[in-house]
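Spelled out, the chains give:
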Amino acid sequence: MKPSKSVFFFILLVFVLPVSAYVTIKLFQNKYEKLPVYKTPSKDNLLKHIGEYHFINQDDRPLGQQDWDNKILVVDFFFTHCLSICPKMTSGINGLSKVFVDDSTIRFASFTVDPNNDSSQQLKKYSLHLGLNMKYWNLITGNKKDIYKLARNAFNVVATDGDGGPEDFIHSDQVVLVDADKNIRGYYDGTKPGDIKKLLHDIKKLKNEN
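Computed from a predicted structure; not experimentally measured.

A.B. asks: Whenever I open this one, the packing of helix α2 (residues 85-99) against helix α5 (residues 193-209) confuses me. Can you help?
C.D. replies: Between two packed helices, the angle of one axis relative to the other and the distance separating the axes together describe the packing. It is the contact of α2 with α5, at a shortest axis distance of 10 Å, that shows an interaxial angle of 30 degrees. Taken together, the axes of α2 and α5 are roughly parallel relative to one another. Handedness of the crossing formed by α2 with α5: right-handed. Along the contact surface, α2 presents Gly 92, Leu 96 and Val 99, while α5 presents Ile 196, Leu 199 and Leu 200. Taken together, the residues of the contact of α2 with α5 break down into five nonpolar, one polar and no charged.

A.B. asks: Would you explain the sheet that holds strand β3 (residues 72-78) in this entry?
C.D. replies: The seven strands lie next to each other as β2-β1-β5-β4-β3-β6-β7, forming an open sheet whose pairing is mixed. The sheet terminates laterally at β2 (62-63) and β7 (184-189), the two strands that pair on one side only. Summarising the sheet, strand β4 (residues 106-112) and strand β5 (residues 137-142) pair through four bridges and their orientation is parallel. The residue bridging Phe 111 from the neighbouring strand is Ile 140, located in β5.

A.B. asks: Which parts of the structure should I look at to understand the side chain of Arg 152?
C.D. replies: Here Arg 152 is to be found in helix α4 (residues 144-153). For Arg 152, a relative accessible area of 9% gives the class buried. Separated by 2.8 Å, the side chains of Arg 152 and Asp 168 make a polar contact. In contact with Arg 152, not counting residues within four places along its chain, are Val 158, Thr 160, Asp 161, Gly 162, Asp 163, Gly 164, Asp 168 and Ile 170.

A.B. asks: What's the story with α2 in this structure? I'm lost.
C.D. replies: Each turn of an α-helix holds 3.6 residues, which means side chains three or four residues apart point in the same direction. Over its 15 residues, α2 extends 22 Å from the first C-alpha to the last, a length consistent with the 21 Å expected when each residue adds 1.5 Å. Within the span of α2, buried status applies to Cys 86, Met 89, Thr 90, Gly 92, Ile 93, Asn 94, Leu 96 and Ser 97. Of the surrounding elements, those touching the buried residues of α2 are β3, β4, α3 (120-130), β5, β6 (174-178) and α5.

A.B. asks: Would you take a moment to explain the pairing of β3 for this structure?
C.D. replies: Most of β3 sits out of view: seven of its seven residues are buried. Across seven bridges, the pairing between β3 and β4 is parallel. When the sheet's bridge partners are listed, Val 74 is paired in β4 with Phe 108. A crossover connection joins β3 to the parallel β4 through α2; in handedness this β-α-β unit is right-handed.

Analysis parameters
- Residues numbered from 1 in each chain as written.
- Predicted model: local features only at pLDDT ≥ 70, side-chain atom pairs only at ≥ 80, totals over all residues.
- Heavy atoms only, no water.
- Axes fitted to C-alpha atoms, helices over the stretch in contact; angles between N-to-C directions.
- Helix = DSSP H or I, 4+ residues; strand = E, 2+ residues; numbered from the N terminus.
- Parallel < 35°, antiparallel > 145°, perpendicular 65-115°, else oblique.
- Left-handed = near helix turned anticlockwise from the far one by under 90°.
- Contact = heavy atoms within 4.5 Å.
- Nonpolar A, V, L, I, M, F, W, Y, C, P; charged D, E, K, R; others polar.
- Pairing = 2+ DSSP bridges.
- Buried < 20%, exposed > 50% of the residue type's maximum accessible area, 1.4 Å probe, protein only.
- Polar contact = N/O pair within 3.5 Å; in protein donor to acceptor, adjacent residues only side chain to side chain.
- Expected span 1.5 Å × (residues − 1).
- Right-handed = clockwise from strand over helix to strand, strands pointing away.

In structure tokens, the structure reads:
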């Protein structure tokens, strides 16, 4: 065997084949590996009944079951006068909404945790001020007790107890990915670009799964 051929086979065995195997495995994982399913602690999956709550969006439009059924949901909890984690979360979700701007299978839902101050008019003002892409994104307000019940018992974004009363307040950096069957499939730190990138990757994976 000539030296040149020996070098060629050495490179093939040591570099090319391992890299090819790695790329093949990653492509398989990205395309076919399923995301985990997170179980909710309550016996009744509140997400199945999310459309029964009386919520309105930034356009003062009531939201119903048709807004949630058979859709992949990206959910977070924020408030418009938050100056810490919320602007970062909103910016990250805005970026995602632009990626899926023409995809009607994806919905973005941001619930205010301060509905007493965040009226639909305030939410609209907030969206316009930040130049948010609202095609498939609802900024949501409604009854505080209902919002807090969903945050704790359906989406599980906080571990604290509370009744949604005047002194109760939720402040979470968690963004939740929900599949079309209303199962939670992932949690992400909405303030970290790396987590938002992973969320983008997982949305695509979930779409392929469906």
